[in-house]
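Here are the chains, one letter per residue:
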Amino acid sequence: METIPVFAQSFASQFLIAMPHLEGLSFSRSLVYLCDHDDAGVMGLVVNKPSSLTLSELFEQLDITCENPSVLDIPVLSGGPVQPEAGLVLHENKGNWDATQQIGESLYLTGSVDILQAIAANRGPELFLVMRGYAGWGDGQLEQEINENSWLITESTRDLLFDCPYYARWENAAKSLGVDINLLSREAGHA
């Protein structure tokens, strides 16, 4: 029987980098910011997969008037396969919005419409990612996937979250580990 290593540390506030062999629309070439990791499981947000929905369209769906034209073309990200209808905003600066919880040293997650109203009125956080859905793993599930070489783990950085273009985040996160992810085999295996 194969022994699964026990991971005593929490992976919260770190990035998961999908290995090239990880297939599927949700996680292929994905970079996931891990929001929470405890005995119940892990919750994360895919931060490099823009959907076809823009903030302009989302505001229209929610009947929010936008006074901030600079945000209209920002894509809503596909945050993961769990509850794809759920809207979440990952942002810096706590603000005074409902349903906000701190998930990192200076990062917050808000799941209420008032933050979208603030963004539309140019009173929201300066740095933010809007997404629908999230990624989730049950107790021990992510640790199993890491043991199976499906993911690399690295420290998260503000630059990768908010400044790096979406299409470059996956590769740049791997480069932060000194890895050219495109040179890794697409086949899973163990030495």
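Before any of the text, the structure's been laid out above.
Remember, predicted model here, so these are calculated numbers, not experimental data.

Caption draft 1: How the structure looks around the overall build of the protein chain. For the protein chain, the count of helices and strands is five helices and ten strands. Against the 2.2 N^0.38 benchmark of 16 Å for 191 residues, the protein chain shows a C-alpha radius of gyration of 17 Å, consistent with a compact globule. On the principal axes, the C-alpha backbone points of the protein chain span a range of 60 × 35 × 25 Å. Contacts in the protein chain between residues far apart in sequence, at least 24 positions, make up 65% of those at least 6 positions apart. Within the structure as shown, the protein chain displays about 10100 Å² of accessible surface, and the carbon and sulfur contribution to it stands at 48%. Distance between charge centres in the protein chain, computed from 9 positive and 26 negative side chains, equals 6 Å.

Caption draft 2: Spotlight on the environment of Leu-88. Within the secondary structure layout, Leu-88 lies in strand β6 (residues 82-92). Remark: the alpha-carbon pair of Leu-88 and Glu-126, spanning 38 residues in sequence, is separated by 16 Å.

Caption draft 3: Representation of helix α2 (residues 113-120) within the structure. Burial runs high along α2: six of the eight residues are buried. On its buried side, α2 packs onto α1 (55-61), β6, β8 (107-110) and β9 (128-138). Immediately downstream of α2, the backbone of Asn-122 shows phi near 60°, a positive value.

About the criteria used
Sequence order as written defines residue numbering, which begins from 1 separately in each chain. Confidence filtering applies because this is a predicted model: local features only for residues at pLDDT of at least 70, side-chain atom pairs given and counted only at 80 or more, and all residues used for totals across whole chains, interfaces and linings. Side-chain calculation: all heavy atoms of the structure are included, whereas hydrogens and water are not. By the criteria applied, helices consist of DSSP H or I runs no shorter than four residues and strands consist of E runs no shorter than two, each listed in order from the N terminus. We take the radius of gyration over the C-alpha atoms and set the globule estimate at 2.2 Å times the residue count to the 0.38 power. Two residues form a contact once any of their heavy atoms are found within 4.5 Å. Accessibility throughout is a Shrake-Rupley quantity obtained with a 1.4 Å probe, and a residue counts as covered only by protein chains that appear here. Counted charges follow a simple rule, with Lys and Arg positive, Asp and Glu negative, and His plus the chain ends left uncounted. Every charge is mapped onto a representative atom, which is NZ of Lys, CZ of Arg, CG of Asp or CD of Glu. Think of it in three bands: with a 1.4 Å probe and only protein chains considered, a residue is buried below 20% of the maximum accessible area for its type, exposed above 50%, and partly exposed in between.

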